[in-house]
Amino acid sequence: GKSAVIIGSGIAGLATAIRLANKGYQVKVLEANSYPGGKLGKMSCKGYRFDTGPSLFTLPQLVDELFILSGRNPQSHFEYSRLAVNCHYFWEDGTRIKAYSDPGRFAREVHDKLGEPEDNILTALRNSAFIYKRLSPLFMHRSLHQWQTWTNAHALKSYFQIGKLGIFDTMNGANKKRFGHPKLVQLFNRYATYNGSDPYQTPATLNIIPHLEYNMGAYFPKKGMHDITLSLFELAKSLGVSFNFGVKVDRVIVNNRKATGVMAGLNSYEADIIVNNMDMVNAYKTILKDQKQPTTLLKQPKSSSALIFYWGISKKFAELDLHNIFFSNDYEEEFRYIFHEGSVYSDPTIYVNITSVYKEDDAPPGCMNWFTMINVPNNTGQDWDLLIKEARKAIIAKINRILETDIEQFIETEDLLEPRTIESKTSSAMGALYGNSSNSRLAAFLRHANYSFHIKNLYFCGGSVHPGGGIPLCLLSAKIVSEMAG
Ligand code: FAD
């Protein structure tokens, strides 16, 4: 049979390993860290457990698919449930909105709280579904670099409906036309952050994202987000995939424009195909530094990064759910800081993810595990120590105002993740969460393809290449790679 070496065990690396093993490949995964999963990690401290990276889980069927493909029953290996409330939104003026996952109920809630006509919300979600139906087969499930993608019947239909796909407006522009209440515009603008983009620049096409939450659903894995990593790691091993941890690949070996293996220290690993799961920008700087560089792609602006405080909180707040948002008073200014100033705004939007609401043993009795995050610019050498100190103060003050509490006295344990450590732990260029930003209309075309144009037998998967960042898209990159590898 054929053999494959995969560089990196991020979610896309794991999924590629499973898919190639199912095709009869002998697969070896080389991972620099001592653990699998990359950004999809976990951490424990004094009775609190935290998922360190992704917290929002959509399209779980893409995980199920990997079990089904391997002849296993997904339910007996990886359990999850659909959320009844996608997110709990808080504003400083006391407004609170529960984003029910049922569109009708959500529309009623928004009408009750903001006076917005229910139809505006339902129409927006229908539009979101329309964009998804038209564009996901083109941009998510296939390579953009093969002519068949652009010449099938589905593509032709989309060309005729281009006006309805939001390509010519920004997300904020479209939302302002659609909704009367500025708070609702803000709520829908937030979906740009799901792939680290700026709602004031990104095309309205990204209004595809609410469809995932309201029409298709947001989910929570019964054992926490990290179980996505663990269950796929176990599945891969059961299929005979071998993992070498603590192995940092230094170089892809290329002979006559063909990848034949990799070097890590003094060891070489040979294989028929090489799949790179490490961030593409850093890959060209390190393991592919002697190869032809895709200069235009390497220069594309990166998505935003994040600052996260993992707080063990020795108190329960009944008003908090799994996903909570404390909105900035000036959203536009917040994004101006992130994407134009390269700095952190003094009144940031705060996201608090609390898995102990759904999974009690993630915190001691009477306590909660707060994953407290703000969006920040990617790392261009800012004085992060100072920015983090100021942001921590601003976050605590804002939470205190909105929840009428004094949160600092309840912080029992604290840990931190920030742009510099995101990069050092997962090799993500500039600490970007999602690879390239989607701020430009052409962003989809300016991601690296899932294969090399110049080197045979070399493939790419993960959040920095096509179709983009986030768990679902990473899983789709693995599918595209395994289909290409044949
Ligand atoms: P990565 O997770 O980037 O892993 C790459 C792996 O390659 C790492 O393990 C690294 O050690 C290894 N590696 C790198 N270089 C080498 C080398 N030279 N040799 C060997 N191994 C190497 N997505 C969502 O869907 N929902 C969310 O709510 C969400 N929130 C997020 C919050 C945070 C804080 C972060 C950081 C990300 C979030 N994301 C979210 C994005 C999501 O985590 C990523 O898109 C996804 O996990 C990236 O997976 P990947 O396969 O590209 O690999």
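Criteria and cut-off values
- Residues numbered from 1 in each chain as written.
- Predicted model: local features only at pLDDT ≥ 70, side-chain atom pairs only at ≥ 80, totals over all residues.
- Heavy atoms only, no water.
- Helix = DSSP H or I, 4+ residues; strand = E, 2+ residues; numbered from the N terminus.
- Rg over C-alpha atoms; globule rule 2.2 N^0.38 Å.
- Contact = heavy atoms within 4.5 Å.
- Areas by Shrake-Rupley, 256 points an atom, 1.4 Å probe, with all protein chains shown as cover.
- Lys, Arg positive; Asp, Glu negative; His and termini not counted.
- Charge placed at Lys NZ, Arg CZ, Asp CG, Glu CD.
- Pairing = 2+ DSSP bridges.
- Axes fitted to C-alpha atoms, helices over the stretch in contact; angles between N-to-C directions.
- Near = heavy atom within 4 Å.
- Polar contact = N/O pair within 3.5 Å; in protein donor to acceptor, adjacent residues only side chain to side chain.
- Nonpolar A, V, L, I, M, F, W, Y, C, P; charged D, E, K, R; others polar.
- Buried < 20%, exposed > 50% of the residue type's maximum accessible area, 1.4 Å probe, protein only.
- Domains from an automatic or database assignment.
- Buried area = accessible area lost by both parts, 1.4 Å probe.
- Salt bridge = Lys/Arg side-chain N within 4 Å of Asp/Glu carboxyl O.
- Core = buried A, V, L, I, M, F, W, Y, C linked by side-chain atoms within 4.5 Å.
- Phe/Tyr/Trp six-rings, centres within 6.5 Å; stacked < 30°, edge-to-face > 60°.
- Lys NZ or Arg CZ within 6 Å of the ring centre and 35° of its normal.

## Points about the overall build of the protein chain
Thinking step 1. In terms of regular secondary structure, the protein chain is built from 16 helices and 20 strands.
Thinking step 2. Relative to the 2.2 N^0.38 estimate, which gives 23 Å for 486 residues, the radius of gyration of the protein chain is 22 Å and therefore close to what a compact globule would have.
Thinking step 3. By its C-alpha atoms, the protein chain is 65 × 55 × 45 Å across when sized along the principal axes.
Thinking step 4. Partitioning the intrachain contacts of the protein chain with sequence separation of at least 6 by distance along the chain shows that 70% fall at a separation of at least 24.
Thinking step 5. A total accessible area of about 19,500 Å² is found for the protein chain, and carbon and sulfur atoms account for 52% of it.
Thinking step 6. Treating the 53 positive side-chain charges of the protein chain as one cloud and the 46 negative ones as another, the clouds have centres 8 Å apart.

## Describing the sheet that holds strand E17 (residues 350-353)
Thinking step 1. Strand order in the open sheet made by the seven strands is E8-E7-E16-E17-E18-E15-E19, with mixed pairing throughout. Either end of the sheet is taken by a strand with one partner, and the two such strands are strand E8 (96-100) and strand E19 (411-417). Taken pair by pair, the neighbouring strands of this sheet meet at an average axis angle of 20 degrees, ignoring direction.
Thinking step 2. The pairing of strand E15 (residues 305-313) with strand E18 (residues 368-376) spans nine bridges and is antiparallel. Note that in E18 the partner of Ser305 across the bridge is Val376.

## A short note on the site of the ligand
Thinking step 1. Around the ligand, a shell composed of 33 residues is seen, among which Glu31, Lys39, Gly463, Gly470 and Ile471 lie nearest.
Thinking step 2. Interatomic distance of 2.6 Å between a side-chain N/O atom of Glu31 and an oxygen atom of the ligand.
Thinking step 3. Between the ligand and Asn277, the relevant distance is 2.9 Å, taken from an oxygen atom to a side-chain nitrogen or oxygen of the residue.
Thinking step 4. When the residues that make up the shell around the ligand are grouped by side-chain class, the tally is 16 nonpolar, 13 polar and four charged.

## Details of the side chain of Ser437
Thinking step 1. Within the secondary structure, Ser437 sits in the loop between helix H15 (419-426) and strand E20 (458-460).
Thinking step 2. A relative accessible area of 5% places Ser437 in the buried class.
Thinking step 3. A polar contact of 3.2 Å, which involves the side chain of Ser437, links it to the backbone nitrogen of Asn439.
Thinking step 4. For Ser437, the residues in contact, after removing those within four places along its chain, are Gly196, Ser197, Pro301, Lys302, Ser303, Ala443 and Arg447.

## A closer look at the domain arrangement of the protein chain
Note on interface size: it is often stated as the accessible area lost on association of the parts.
Thinking step 1. Considered domain by domain, the protein chain is made up of domain 1 (3-40 + 225-297 + 442-485) and domain 2 (119-214).
Thinking step 2. Computed from C-alpha atoms alone, the centre-to-centre distance between domain 1 and domain 2 is 29 Å.
Thinking step 3. Facing the 13 residues of domain 1 at the interface are nine residues of domain 2.
Thinking step 4. Summing both partners gives a buried area of about 990 Å² for domain 1 against domain 2, and 69% of it is carried by carbon and sulfur.
Thinking step 5. Of all residues in domain 1, Phe445, His466 and Leu476 bury the most surface against domain 2, accounting for 38% of the area lost on that side.
Thinking step 6. On inspection of domain 1 and its partner domain 2, the count reaches zero salt bridges.
Thinking step 7. Scanning the region where domain 1 abuts domain 2 turns up zero residue pairs in polar contact (both at pLDDT 80 or more).
Thinking step 8. Here the side of domain 1 that touches domain 2 is built from residues that sort into ten nonpolar, one polar and two charged.

## Overview of the nonpolar core
Thinking step 1. Val27, Tyr89, Phe106, Leu187, Tyr191, Ile228 and Leu232 are the most contacted members of the largest nonpolar core, which totals 97 residues.
Thinking step 2. Counting residues in each nonpolar core, the second largest holds 28 residues, with Ile374, Ile388, Ile396 and Ile399 among its members.

## Side note on the environment of Glu79
Thinking step 1. Within the secondary structure, Glu79 is located in the loop between helix H2 (61-69) and strand E6 (80-82).
Thinking step 2. Note: C-alpha distance between Glu79 and Lys42 (37 residues apart in sequence) is 18 Å.
Thinking step 3. Ignoring sequence-local partners within four residues, the contact set of Glu79 consists of Phe220, Pro221 and Lys222.

## Let's talk about the packing of aromatic side chains
Thinking step 1. Across all of its chains, the model carries 32 aromatic pairs by this definition.
Thinking step 2. Their ring planes at 75 degrees and their centres at 6.1 Å tell us that Tyr351 and Phe371 sit as a pair that is edge-to-face. With a gap of 20 residues between them, Tyr351 in strand E17 and Phe371 in strand E18 connect regions that are remote in the sequence. Considered together, Tyr351 and Phe371 belong to a single accessibility category, that of buried residues.
Thinking step 3. If you follow Arg105 out to its NZ or CZ, it ends over the ring of Tyr100, 3.8 Å from the centre.
Thinking step 4. The positively charged end of Lys315 is found above the aromatic ring belonging to Phe317, 5.1 Å away from the centroid.

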